Amino acid sequence: MTFLILKREFIDTFKGFKQVLPIIFGVVMLVSWSIVVIPKNFYTSIFSGNKFTDPLFGAIFGSVASGSPITSYIIGGELLSQGVSLVAVTAFILAWVSVGLIQLPAESILLGKRFAITRNIISFVSALIIALLTMITLMFL
Amino acid sequence: MINKILDKISPRWFFLAAVLVLYLFLLFVNFSLTKEAIIGSVQLFKQIIPVFLLVFTFMFLSKIFFKPDKISRLVGEKAGLKGWLISIIGGVLSSGPIYMWYPLLADFKEKGMRDSFVAVFLYNRAVKIPLIPMMIFYFGLPFVLVLTFYMILFSIINGILVEKFIDFKFKN
């Protein structure tokens, strides 16, 4: 009896998982595509040294970028050494790890369009606010 | 005719087809980049296999042990502080790419998980404990501590806002 229940639940889970496979395959391929199409040195070229636009550009391009967070740290470290402001770099890293435009279609299909769009917009604004707050807090430490 | 066919295609297959079109487009523009992207995809697939199995196991176990009433108690409308803590800790501890967790969260959402907690879980995926030493190496300990504190704090604010906005949109 228990075995039959387990078997039924396993088949149910498998069927459910099979449904999401095209989405997972799609996202993985899209992530890989975007990594190849957007070269790493592109990110270093978007900052101009402007105190107001740099954080905004950082958050925008961080949102579009995808891949391992390690890559964002490496690019962020490189940007800091080139004199890009900490606020811009923080916004860039935060948007990279919390906003996912590449994953947005998958998030919309599985968790709901309204949820996915609202969550990503709020995460984008948060990236800018946290970047600013982090810099202010560090000034007082 | 085309509209009828499009209506029959589910969004998930449509999405995969759109990605394949992007690959085809890249193939016409630059063959070596396409090859690189395909190799990258295969490598990424290999990397996510353990997470794949982990999420599958979680989904299977949740089907057995987490019936809707339990999900509702832990991360549902009446979960309270416990729900926030579970979502924060779950998000921080979960590994692998964010999209691998969408199926499990969708399943939990269907069983009664609050939108707030889904958003909190997803936001805390940005706090990566295994990568903290690397972050310290690049940005220093004070930066990492301050940033992590704000990320966890804002995950809660985000969770509240996401639900408020969704409710607001529904009511209007």
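Our structure is the block above this text.
Note that the structure is predicted; figures quoted are calculated from it, not measured.

The rules we used
Residues numbered from 1 in each chain as written. Chains lettered and ligands numbered in written order. Predicted model: local features only at pLDDT ≥ 70, side-chain atom pairs only at ≥ 80, totals over all residues. Heavy atoms only, no water. Helix = DSSP H or I, 4+ residues; strand = E, 2+ residues; numbered from the N terminus. Rg over C-alpha atoms; globule rule 2.2 N^0.38 Å. Buried < 20%, exposed > 50% of the residue type's maximum accessible area, 1.4 Å probe, protein only. Contact = heavy atoms within 4.5 Å. Lys, Arg positive; Asp, Glu negative; His and termini not counted. Charge placed at Lys NZ, Arg CZ, Asp CG, Glu CD. Salt bridge = Lys/Arg side-chain N within 4 Å of Asp/Glu carboxyl O. Buried area = accessible area lost by both parts, 1.4 Å probe. Polar contact = N/O pair within 3.5 Å; in protein donor to acceptor, adjacent residues only side chain to side chain. Core = buried A, V, L, I, M, F, W, Y, C linked by side-chain atoms within 4.5 Å. Phe/Tyr/Trp six-rings, centres within 6.5 Å; stacked < 30°, edge-to-face > 60°. Lys NZ or Arg CZ within 6 Å of the ring centre and 35° of its normal. Axes fitted to C-alpha atoms, helices over the stretch in contact; angles between N-to-C directions. Parallel < 35°, antiparallel > 145°, perpendicular 65-115°, else oblique. Left-handed = near helix turned anticlockwise from the far one by under 90°. Nonpolar A, V, L, I, M, F, W, Y, C, P; charged D, E, K, R; others polar.

Let us now look at the overall build of chain A. Each helix and strand in chain A was counted, giving seven helices and zero strands. If you list the helices and strands of chain A from N to C, you get α-α-α-α-α-α-α. In summary, chain A has a C-alpha radius of gyration of 19 Å against a globular reference of 14 Å for 141 residues, an excess of more than 25%. Seen along its three principal axes, the alpha-carbon backbone of chain A occupies a region of about 65 × 35 × 25 Å. The buried share among the 141 residues of chain A stands at 50%. Within chain A, residue pairs in contact and separated by at least 24 positions form 73% of the contacts whose partners lie at least 6 positions apart. Each charge class in chain A can be summarised by its mean position, and for the 9 positive and 5 negative side chains these summaries are 8 Å apart.

With that settled, the discussion passes to the pattern of salt bridges. In the structure shown here, the tally under the stated rule is six salt bridges over all chains. The closest approach of N and O atoms between Glu9(A) and Arg8(A), which form a salt bridge, is 4.0 Å. The exposed category is assigned to Arg8(A), whose relative accessible area is 51%. Here Arg114(B) makes a salt bridge to Glu163(B), at a shortest N to O gap of 2.9 Å. Here Glu163(B) lies in helix α9 (residues 141-171) and Arg114(B) lies in the loop between α6 (102-110) and α7 (115-124), a separation of 49 residues in the sequence. With a relative accessible area of 14%, Arg114(B) lands in the buried category.

If you look at the interface, chain A gives 59 residues, while chain B gives 60 residues. On the chain A side of the interface with chain B, the three residues burying the most area are Phe17(A), Trp33(A) and Tyr73(A), jointly 12% of the side's total. Inspection of the chain A/chain B interface yields one salt bridge. Put simply, Lys67(B) and Glu9(A) hold a salt bridge, and the shortest N to O gap is 3.3 Å. The tally of links between chain A and chain B comes to 10 residue pairs in polar contact (both at pLDDT 80 or more). Listed by contribution, the elements that provide at least two residues to the side of chain A that touches chain B are α1 (2-37), α4 (69-81), α5 (86-98), α6 (104-111) and α7 (113-140) of chain A.

Counting residues in each nonpolar core, the largest one holds 90 residues, and the members touching the most others are Tyr99(B), Met100(B) and Leu122(B). With 11 residues, the top contributor of residues to this core is α1(A). Those residues in contact with Tyr99(B) that sit more than four places away from it in its chain are Ile24(A), Val27(A), Val28(A), Val31(A), Gln103(A), Leu44(B) and Ile48(B).

As a further point, take the packing of aromatic side chains. On inspection of all chains with the given rule, the structure shows 17 aromatic pairs over all chains. Pairing Trp84(B) with Phe117(B) gives two aromatic rings, centres 4.9 Å apart and planes at 90°, and the pair type is edge-to-face. Here the residue Trp84(B) occupies a position in helix α5 (residues 81-93), and Phe117(B) occupies one in helix α7, the gap between them amounting to 33 residues. No difference in accessibility class separates Trp84(B) from Phe117(B), as the two residues are buried. An angle of 55° between the planes, with centres 6.0 Å apart, marks the rings of Trp101(B) and Phe121(B) as tilted. Taken together, the positions of Trp101(B) in the loop between α5 and α6 and Phe121(B) in helix α7 put the pair 20 residues apart, joining distant regions of the chain. For the pair Trp101(B) and Phe121(B), a shared accessibility class is recorded, and that class is buried. Above the face of the Phe115(A) ring, Lys109(B) is positioned so that its terminal group lies 4.7 Å from the ring centre.

Residues and elements named next belong to chain B. Where helix α3 (residues 31-65) contacts α6, the axes come no closer than 9 Å and their chain directions differ by 15°. In terms of orientation, α3 and α6 fall into the roughly parallel class. By crossing handedness, the relation of α3 to α6 is classed as left-handed. Counted together, Val55, Phe58, Met59, Ser62 and Lys63 of α3 and Pro103, Leu104, Asp107 and Phe108 of α6 form the full contact between these two elements. A per-class count over the contact of α3 with α6 returns six nonpolar, one polar and two charged.

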